[in-house]
Amino acid sequence: EDQVTQSPEALRLQEGESSSLNCSYTVSGLRGLFWYRQDPGKGPEFLFTLYSAGEEKEKERLKATLTKKESFLHITAPKPEDSATYLCAVQAPNSGNTPLVFGKGTRLSVIA
Amino acid sequence: DSGVTQTPKHLITATGQRVTLRCSPRSGDLSVYWYQQSLDQGLQFLIQYYNGEERAKGNILERFSAQQFPDLHSELNLSSLELGDSALYFCASSVGGTAGNTIYFGEGSWLTVV
């Protein structure tokens, strides 16, 4: 069964303290790995899509990378407004009837 | 703003009742998805429609049903509601209906069953 595991479950950073969030996956024939940001009570906001190992994408203080079995979301010099839950999701042709399989997320808190 | 519109944003209803959640996808998107998010669970896929036809089904309860209309908006019907149905229900949309398409989420409908 396809599975997505995110770590850590929660992360507390001081403002400016860079770190990385991990998403490991077990799928056959990955069609895409997605990162979303979710604020409390809001819908997931699309951040990045990665399709193949070695691919990298950046947006402001965020950089997503992909290997054959995991993805990292690097946060450089975070600010309090980066506090949110970051969700990773994968798509695979044999993900059964589930277009996106989500991890449980990493709750990031950035303290000023 | 993702462009996916959901109504209502909040609703409170009693057990045993029936509610309908509505979703308008992004302009140009043919595929609509419904997800459920409870406090103690991640995002759970319910069902997907593509251009009016059911494309994929997750762990959707028999008490729940959905449809996508010719104008591509979608409705999720929840009946015989139970306390455990209280959750955030998200609609999402994408251009295509197959893997590889980026899926954009709406802001959700908060359902509280009392």
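Details of the structure are given in the entry above.
Residues numbered from 1 in each chain as written. Chains lettered and ligands numbered in written order. Predicted model: local features only at pLDDT ≥ 70, side-chain atom pairs only at ≥ 80, totals over all residues. Heavy atoms only, no water.

Asker: Just checking my understanding: could you explain the environment of W35 of chain A for this structure?
Answerer: Residue and element names in this part refer to chain A. Within the element layout of this structure, W35 appears in strand β4 (residues 32-38). Note on W35: relative accessible area 0%, which makes it buried. Distance in space between the C-alpha atoms of W35 and G105 is 9.8 Å, their sequence separation being 70 residues. (Helix = DSSP H or I, 4+ residues; strand = E, 2+ residues; numbered from the N terminus. Buried < 20%, exposed > 50% of the residue type's maximum accessible area, 1.4 Å probe, protein only.)

Asker: Can you walk me through the state of the cysteines in this structure?
Answerer: Note on terminology: a disulfide is the covalent bond linking the sulfur atoms of two cysteines. Residue and element names in this part refer to chain A. In this structure the tally under the stated criterion is two disulfides over all chains. In this model, C23 is linked to C88 through a disulfide, with the two sulfur atoms separated by 1.9 Å. One quick way to see it: the torsion about the S-S bond of C23 and C88 is about -60°, and its sign makes the bridge left-handed. Highlighted residues: C23 in strand β3 (residues 19-26) and C88 in strand β9 (residues 84-91), separated in sequence by 65 residues. C88 shares its class with C23; the two are buried. (Disulfide = S-S within 2.5 Å.)

Asker: Is there a simple way to think about the sheet that holds strand β3 (residues 19-24) of chain B in this case?
Answerer: Backbone hydrogen bonds are what pair the strands of a sheet, in a parallel or an antiparallel way. Residue and element names in this part refer to chain B. What the four strands build is an open sheet, ordered β1-β3-β8-β7; its pairing is antiparallel. In this open sheet, the two strands that pair with only one neighbour each are β1 (5-7) and β7 (64-68). Put simply, the sheet's adjacent strands are angled 15° from each other on average, direction ignored. Two strands pair when backbone bridges link them, and β1 and β3 are joined in this way by three bridges, in the antiparallel orientation. Bridging across to β3, Q6 finds its partner in C23. (Pairing = 2+ DSSP bridges. Axes fitted to C-alpha atoms, helices over the stretch in contact; angles between N-to-C directions.)

Asker: What should I look at first to understand the pairing of strand β8 (residues 70-75) of chain A in this one?
Answerer: It is a general feature of regular strands that their side chains alternate between the two faces of the sheet. Residue and element names in this part refer to chain A. Burial along β8 is one-sided: S71, L73 and I75 are buried, and none of E70, F72 and H74, which face the opposite way, are. As judged from the six bridges shared by β3 and β8, these two strands associate in the antiparallel manner. Across the sheet, N22 pairs through a bridge with F72, a residue of β8. With five bridges joining them, strand β7 (residues 62-66) and β8 adopt antiparallel strand pairing. When the sheet's bridge partners are listed, T65 is paired in β8 with F72.

Asker: Which parts of the structure should I look at to understand unusual backbone geometry?
Answerer: Most peptide bonds adopt trans geometry, and most residues besides glycine take a negative phi value. In this structure, P8 of chain A follows S7 of chain A across a cis peptide bond, with omega equal to -10°. Put simply, T7 of chain B and P8 of chain B share a cis peptide bond, and its omega is -5°. With respect to the helices, strands and loops of the structure, P8 of chain B is situated in the loop between β1 and β2 (10-13). One non-glycine residue with positive phi stands out, namely E60 of chain A, at about 55°. Checked against the element boundaries, E60 of chain A lands in the loop between β6 (56-59) and β7. Phi at A77 of chain A is positive, roughly 45°, even though this residue is not glycine. Following the sequence through the fold, A77 of chain A ends up in the loop between β8 and β9.

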